Amino acid sequence: AQSVTQLDSHVSVSEGTPVLLRCNYSSSYSPSLFWYVQHPNKGLQLLLKYTSAATLVKGINGFEAEFKKSETSFHLTKPSAHMSDAAEYFCVVSGGGGADGLTFGKGTHLIIQP
Amino acid sequence: DTAVSQTPKYLVTQMGNDKSIKCEQNLGHDTMYWYKQDSKKFLKIMFSYNNKELIINETVPNRFSPKSPDKAHLNLHINSLELGDSAVYFCASGRRSGITGELFFGEGSRLTVL
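The present account deals with the structure reproduced in this document.

Parameters and conventions
- Residues numbered from 1 in each chain as written.
- Chains lettered and ligands numbered in written order.
- Predicted model: local features only at pLDDT ≥ 70, side-chain atom pairs only at ≥ 80, totals over all residues.
- Heavy atoms only, no water.
- Contact = heavy atoms within 4.5 Å.
- Buried area = accessible area lost by both parts, 1.4 Å probe.
- Salt bridge = Lys/Arg side-chain N within 4 Å of Asp/Glu carboxyl O.
- Helix = DSSP H or I, 4+ residues; strand = E, 2+ residues; numbered from the N terminus.
- Nonpolar A, V, L, I, M, F, W, Y, C, P; charged D, E, K, R; others polar.
- Disulfide = S-S within 2.5 Å.
- Buried < 20%, exposed > 50% of the residue type's maximum accessible area, 1.4 Å probe, protein only.

## Comments concerning the interface of chain B and chain A
Phase 1: Taken together, the contacts link 26 residues of chain B with 21 residues of chain A.
Phase 2: When the two sides are added together, the surface that chain B and chain A hide from each other amounts to roughly 1900 Å², 53% of it contributed by carbon and sulfur.
Phase 3: Connecting chain B to chain A are two salt bridges.
Phase 4: Here A:K49 and B:E102 are joined by a salt bridge, their closest N and O atoms 3.3 Å apart.
Phase 5: Elements with a contribution of two residues or more to the side of chain B that touches chain A: β4 (31-37), β5 (43-50), β6 (53-57) and β9 (87-94) of chain B.
Phase 6: With four residues, β4(B) is the largest single contributor of residues to the side of chain B that touches chain A.
Phase 7: Its residues assigned to classes, the side of chain B that touches chain A comprises 10 nonpolar, eight polar and eight charged.

## A closer look at unusual backbone geometry
Phase 1: Omega for the peptide link from B:T7 to B:P8 comes to -5°, which places this bond in the cis form.
Phase 2: As for its placement among the helices and strands, B:P8 is situated in the loop between β1 (4-7) and β2 (10-13).
Phase 3: The backbone phi angle of A:N41 is positive, close to 60°, even though this residue is not glycine.
Phase 4: Along the chain, the position of A:N41 falls in the loop between β5 (32-38) and β6 (44-50).

## What about the state of the cysteines?
All names here are of chain A.
Phase 1: Scanning the model with the defined rule gives two disulfides over all chains in all.
Phase 2: Covalent S-S linkage joins C23 and C91, the inter-sulfur distance amounting to 2.0 Å. Taking the sign of the S-S torsion, -70° for the link of C23 and C91, the bridge is left-handed. Here C91 lies in strand β10 (residues 87-94) and C23 lies in strand β4 (residues 23-27), a separation of 68 residues in the sequence.
Phase 3: We classify C23 as buried; its relative accessible area is 0%.
Phase 4: Take C91: its relative accessible area is 0%, and that puts it in the buried class.

What follows is the structure, encoded as structure tokens:
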């Protein structure tokens, strides 16, 4: 069994300040973890993925995430927010069933203040 | 070239009508999915097809019937539409084997039932 919890439903930051979106997971297997982004009226796009290689994963648009097994966390960060980062972000865990076995978090809505 | 394309992008219809959404992927993936996203952005898997074979069929009313004529296409037909069917429906494709778990999403079809 696996689950994922996104700890904040909304996060608001000012443009140019750091972004932190929090995600905790549980999994009976060695998980693969993903962050997806959904811009308004668009489909989801993969930001980055962890699949048991380096624990610090770099993604597109300056985002990165660190896999911490001891804390069962996979938080998403970006040093400096841009207005175009305003979107919905989903943390996803896979228990090894390939694309079939994905569990999506409920999403975090990121708001960027000018 | 769009990787996962779904049509139509918007549907507005009356209760009791029947409607279809079409999806096509040109990524050579062996598995395609339908997801439903509600007004709170929560994503729920509905169906998964692998090489035209139904793999996942979550608890979905039997008014929803997926059809996969070949592994590049997955259509969704909905009979006797109800108000609660109003949502955004996403098609996605991926690979069932391996640990990649990366999905490619279409831009969504927003269904409004009046």
